[in-house]
Amino acid sequence: MTDKTDKPFGLSWLDSSYYETLLPSTPWQNIYDMLCPELAVAIREQFKVPERKQILIELLGPQFKRSYLPDELDDPLILNPPHMSDEQRKKIENEAKYWLQIKMNEIALKKKCAIKTSQGEDELSSEMRDYLEHTYNIVSTSLDRHLYLKQNNITFESYDDENEIQNSEKQNDLRDALRKKKSESLDKNMAVLSSEYSEIISQSLMNILRKDPRRIAFVLQKLIGQQLSYDLRVFIWSDILMRHERKKIESGSTQIDIDLLVRKNFANGVSRGKNELKISDPSQTPISGLIENGVIETYSKVFCLNEFLNEAHLRQTMRVLNVFYCYSRDYEPFYIYWLLPFQLTFKNERSKSELIYDLAMFLDLYVKNLFPIWNEIFTIAAKVIQDLSINDPSFYEHLKKISKINPKINSKDFVNEIIVNEQKKTGNEDSNTIRPKKELLTEPAIFVRKWIAEGFSGILRKNALLYVWDQLFMSLWSSKDFEIISKSLLYLLKNQFMKAKDHDDMRQVFLEGPYRLLTADIQSAFMHLSSGGKENEVAFLNTLILNDNGGYYAKLEGSKSKSVLDPIGIKDIHLKLVIPKQGLNTEFDSTRLIVEISLYYGSQRLGTKKTSSIPSIKGIKPSIKESKTYELMIPGEKLVFEMSELKQDIHDSKGVFAMIIVKYPSLNFSDFILGYCKMSIYSPQKIGSLSTWEVVNGRVKRLLHPGVPPEDLEKIGSIPTTSFKDRLGPDSNVELTLYDPNSESYFKKSKEQI
């Protein structure tokens, strides 16, 4: 048993959870009693070598020896000088640990006490299932207690269990409050998308990974599609950047601090570069003028980089690229784009001078080990365009057509390697230089190549860029994820592309359109395509398409203190409900479900509609924790909210939103609320001097919060906190179509595609 004075994870709430799972009366003891007898039998086979026997006895501890090896004598002196050197001891200790890990895994698999990624809970032993549920409850309760203490700034070391917050609604309010509170420890100038709640979870996860780095592959698999918190991003990016260097170290060598070794090697390389270039300052190399011109020109001409056009950022970029050149004698203008995500991520960890070296080192590791070769970039872009021609021929033909109308070519839009490599591929060596360039630079595919070649840094705002790079790092920079990201951006911009009339319009959408996309929409599109969703549905995930294409605006009539909204319709309601085993007292009957939708303007309720049709079941799937996932649809129901008069000034409001509640009436006709969500419908909008309402339409999807909604609807966030102790489990959601009842045919095509 581990000594309780140890702090294996370095966090009090996590350490206390760990020790609580090891108490004698817990389910862990049953698993321990199952595995140890077989392990003792296997260990005796290793006792032919005295040194091997002794190290195994020491590693397993006195309790194991007393219980399962009582007759075996141990001799600790044989593992110490003069009988054995420290280096020899370390070697046989590592060998013994490796053997124990393999043997324990074999026994655990045999006893159905080991979890494999492809394995369901029903394939585990009852003892293991009890242990998992028990551990989940302990960790969940301990985390809620820790968040309560954090939220209320309670700093005393121990906390009475009797005062534990048991009300799940209070816990949900607490989580929401922490989500809204930005972490104060971060740089104020940094792009922060994470809350204090997220940072607490991330810190805990990092401490677990530091204890067992082998679990990082499992964690990355679970995090794919999610935006990483700041601390977790730094941890994961650093780990993957160092991974290739780690592989170069021989497995039999003594334990080495890879991070320190790489930093020392880089510093030595910079010193050699200074001597060879005969310079005293590595940030002032012979090509510093070239780098300065490249940085200023790039940040001045590229639309999405204009926000970084300040002296401090530009100077840092120049210094990093000069240090990188001093180390590697390599400089390309596109390194300016590749460097930007590292500048946004690795901040204030060290002094300014050390940060310059770190950024140059990370850029070197990235260039050497991660970014795809040029042939790969061309292949990915070709697949994206080929996919477009197959899945959306009308979109493809439109791009092909307008790309040839009034082309105004500017070769400086593109990385030179793209043009050179494309010219080599075409084989038009006998043609003059101008004609091939004109042909190449008008094609839609070359813009996709530009996106990828610049690592998307030349087209995305910083939050979206960091999200995209999170996904690429977690997939180890796979070409598949480059393809999914490119397709996500392309299809999200479909409506803007379809409005384009010539090459110049198309070019503007390619170069500036992605910057205007919401990070949440890019995330929705990425997860949709990653899970096998249809490409022609992605355009409806762009919640900002309505200004630019097909949106309709409600007319404002009357005085300033009174305005009228045009009608709005809701149809094609789909539900995904994860029903935990303990969520309902009786067997779940989907035919009793009712979806209630109310429109609110501030505190003013404008109207309420309920579904009356019986939901049809698309599918029922088993889920973890003995829950079931129900996929339901109410296809024939159309809920129409007629014209509504508002008596408040629109400039004092955030707009009109829908409150969606999923009800499950009991047999005595009393309502039991499973979950709810909030959805924006109308937003105040000014077009020139005209005040209007921007109206959301098309397919909209929202996650469901479990239980009863709070009295103050303003407190409802977009991301719910769920567990298998709630009425609804994680990932429950509602999806529906918002449409204009006055022009039903407007979304006819949308309905056919969906």
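In this text, all values refer to a predicted model and were calculated from it rather than measured experimentally. Numbers given to residues run from 1 along each chain, matching the order in which its sequence is written. Note on the predicted model: pLDDT of at least 70 is required for a residue's local features to be given, and 80 or more for side-chain atom pairs to be given and counted; whole-chain, interface and lining totals, by contrast, use all residues. Calculated side-chain values reflect all of the structure's heavy atoms, with hydrogen atoms and water omitted.

### Observations regarding the overall build of the protein chain
We count it as follows: Under the scheme used here, helices are H or I runs from DSSP no shorter than 4 residues and strands are E runs no shorter than 2 residues, and both carry numbers assigned from the N terminus. Burial classes follow relative accessibility: with a 1.4 Å probe on protein chains only, a residue under 20% of its type's maximum area counts as buried, one over 50% as exposed, and anything between as partly exposed. Here, two residues are considered to be in contact whenever any of their heavy atoms come within 4.5 Å of each other. Accessible areas in this description were obtained via Shrake-Rupley with a 1.4 Å probe; residue shielding takes into account the shown protein chains only.
Broken down by element type, the protein chain carries 27 helices and 14 strands. Burial statistics for the protein chain: of 754 residues in total, 49% are counted as buried. Excluding contacts between residues fewer than 6 apart, the proportion of contacts in the protein chain whose partners are at least 24 apart in sequence is 72%. For the protein chain, the exposed area adds up to about 38,300 Å²; of that, 49% sits on carbon and sulfur atoms.

### Comments concerning the pairing of strand E7 (residues 628–641)
The condition that has to hold: At least two DSSP bridges between two strands are required for those strands to pair.
Taken together, the eleven bridges between strand E3 (residues 568–579) and E7 define a ladder with antiparallel strand orientation. In the sheet register, Ile 573 faces E7, and the bridge partner there is Ile 634.

### A look at helix H8 (residues 196–211)
Put simply, the rule is: Take the residue count of a helix, subtract one, and multiply by 1.5 Å to get its expected span.
In this model, H8 (16 residues) spans 23 Å end to end at C-alpha, consistent with the 22 Å of a helix rising 1.5 Å per residue. Among the residues making up H8, those that are buried are Glu 196, Tyr 197, Glu 199, Ile 200, Ser 202, Ser 204, Met 206, Asn 207 and Leu 209.

### Side note on the side chain of Glu 535
What counts here: Whenever two N or O atoms come within 3.5 Å, that pair is a polar contact, provided that in protein one can donate a hydrogen and the other can accept it, and provided that, for residues adjacent in sequence, both atoms are side-chain atoms.
The topology assignment puts Glu 535 in the loop between helix H25 (519–530) and helix H26 (545–548). A distance of 3.3 Å separates the side chain of Glu 535 from the side chain of Lys 487, its partner in a polar contact. Setting aside chain neighbours within four positions, we find Glu 535 in contact with Asp 387, Asn 391, Lys 487, Tyr 491 and Leu 529.

### Some remarks on the pattern of salt bridges
Rules: A pairing counts as a salt bridge when a side-chain nitrogen of Lys or Arg comes within 4 Å of a carboxyl oxygen of Asp or Glu.
Scanning the entire structure with this criterion turns up 25 salt bridges. Taking the shortest distance from any N to any O, the salt bridge between Arg 329 and Glu 276 comes out at 2.3 Å. Taken as a pair, Arg 329 in the loop between helix H13 (311–328) and helix H14 (335–345) and Glu 276 in helix H11 (residues 258–277) lie far apart in primary sequence, 53 residues in all. Here Glu 735 ties to Arg 699 by a salt bridge, and the two come within 3.7 Å at their closest N and O atoms. On the criterion of sequence distance, the pair formed by Glu 735 in strand E14 (residues 733–739) and Arg 699 in strand E12 (residues 698–703) is long-range, its members being 36 residues apart. Residue classification places Glu 735 among the partly exposed residues on the basis of a relative accessible area of 24%.

### Quick notes on the nonpolar core
Worth spelling out the cut-off: Grouping buried Ala, Val, Leu, Ile, Met, Phe, Trp, Tyr and Cys residues that are joined through side-chain atoms within 4.5 Å yields what is termed a nonpolar core.
Formed by 113 residues in total, the largest nonpolar core has its most connected members in Phe 342, Tyr 366, Phe 456 and Trp 469. For Trp 469, the contacting residues outside a window of four places in its chain are Trp 237, Trp 338, Pro 341, Phe 342, Tyr 366, Gly 455, Ser 457 and Trp 477. Counting residues in hydrophobic clusters, the runner-up holds 36 residues, among them Leu 575, Val 595, Tyr 630 and Val 662.

### Focus: the confidence of the model for the protein chain
In low-pLDDT segments, the atomic positions of the prediction should not be examined closely. We apply this condition: Every residue gets a pLDDT, meaning the predictor's confidence in that residue, from 0 to 100.
Residue-level pLDDT values for the protein chain average 80, and 78% of them are 70 or greater. Here residues 156–191 is modelled with pLDDT under 50, and outside its nearest four sequence neighbours on either side it reaches 60 contacts, counting other chains as well. When the criterion is pLDDT under 50, residues 745–754 qualifies, and its contacts beyond four places in sequence or with other chains add up to 19 contacts.

### Points about the packing of H13 against H14
Put simply, the rule reads: Orientation is described by axes fitted as lines to C-alpha atoms, over the contacting stretch for helices, and by angles from 0 to 180 degrees between their N-to-C directions. When an angle is under 35 degrees it counts as roughly parallel; over 145 it counts as roughly antiparallel; between 65 and 115 it counts as roughly perpendicular; any other value is oblique. Handedness of each helix crossing follows the sense of rotation of the near helix against the far helix: counterclockwise by less than a right angle gives left-handed, clockwise gives right-handed. Under the convention adopted here, Pro, Cys and the residues Ala, Val, Leu, Ile, Met, Phe, Trp and Tyr are nonpolar, Asp, Glu, Lys and Arg are charged, and Gly plus all remaining residues are polar.
At their nearest, the axes of H13 and H14 sit 11 Å apart, and the two run at 115 degrees to each other. In terms of orientation, H13 lies roughly perpendicular with respect to H14. In this structure, the crossing between H13 and H14 has a hand that is right-handed. Mapping the contact onto sequence places His 313, Gln 316, Thr 317, Val 320, Leu 321 and Phe 324 in H13 and Tyr 335, Ile 336, Leu 339, Leu 340 and Gln 343 in H14. Grouping the constituent residues of the contact of H13 with H14 by class yields seven nonpolar, four polar and no charged.

### A look at the packing of aromatic side chains
Short version of the rule: A pair of Phe, Tyr and Trp rings is counted when the ring centres sit within 6.5 Å of each other, with Trp represented by its six-membered ring. The angle between the planes then sorts it: under 30 degrees is stacked, over 60 is edge-to-face, the rest tilted. Our definition puts a charge over a ring when NZ of Lys or CZ of Arg is within 6 Å of the ring centre and also within 35 degrees of the ring normal.
All chains considered together, the criterion is met by 44 aromatic pairs. Ring geometry for Trp 28 and Tyr 131: centres 6.0 Å apart, planes at 55 degrees, overall tilted. Separated by 103 residues along the polypeptide, Trp 28 in helix H2 (residues 27–44) and Tyr 131 in helix H6 (residues 126–151) bring together distant segments of the chain. It is Lys 678 that lies over the ring of Phe 657; its NZ or CZ is 5.0 Å from the centre.

### A closer look at helix H21 (residues 462–474)
Helix length check: H21 (13 residues) gives 18 Å between terminal C-alpha atoms against 18 Å at 1.5 Å per residue, within 8%. Within H21, eleven of the 13 residues are buried, which leaves the element mostly enclosed by the surrounding structure. Among the residues of H21, Ala 464, Leu 465, Leu 466, Tyr 467, Val 468, Trp 469, Asp 470, Gln 471, Leu 472, Phe 473 and Met 474 are the ones counted as buried. Buried positions along H21 lie against helix H9 (216–223), helix H10 (230–247), H14, helix H15 (352–369), helix H22 (479–492) and H25. Backbone geometry just downstream of H21 places Leu 476 in the positive-phi region, at approximately 55 degrees.

### Re the sheet that holds strand E6 (residues 616–622)
The strand order across the open sheet formed by five strands is E6-E7-E3-E14-E12, and the pairing between neighbours is antiparallel. If you trace the sheet from one side to the other, it starts and ends with E6 and E12, each paired once. Averaged over neighbouring strand pairs, the angle between their axes works out to 20 degrees when direction is ignored.

### Some remarks on unusual backbone geometry
At the junction of Pro 81 and Pro 82, the peptide bond is cis and its omega measures out at 5 degrees in the coordinates. We note that Lys 278 has phi near 55 degrees; this positive angle belongs to a residue other than glycine. Note that Lys 278 resides in the loop between H11 and helix H12 (288–301). Residue class for Lys 278 comes out exposed when judged on its relative accessible area of 75%.

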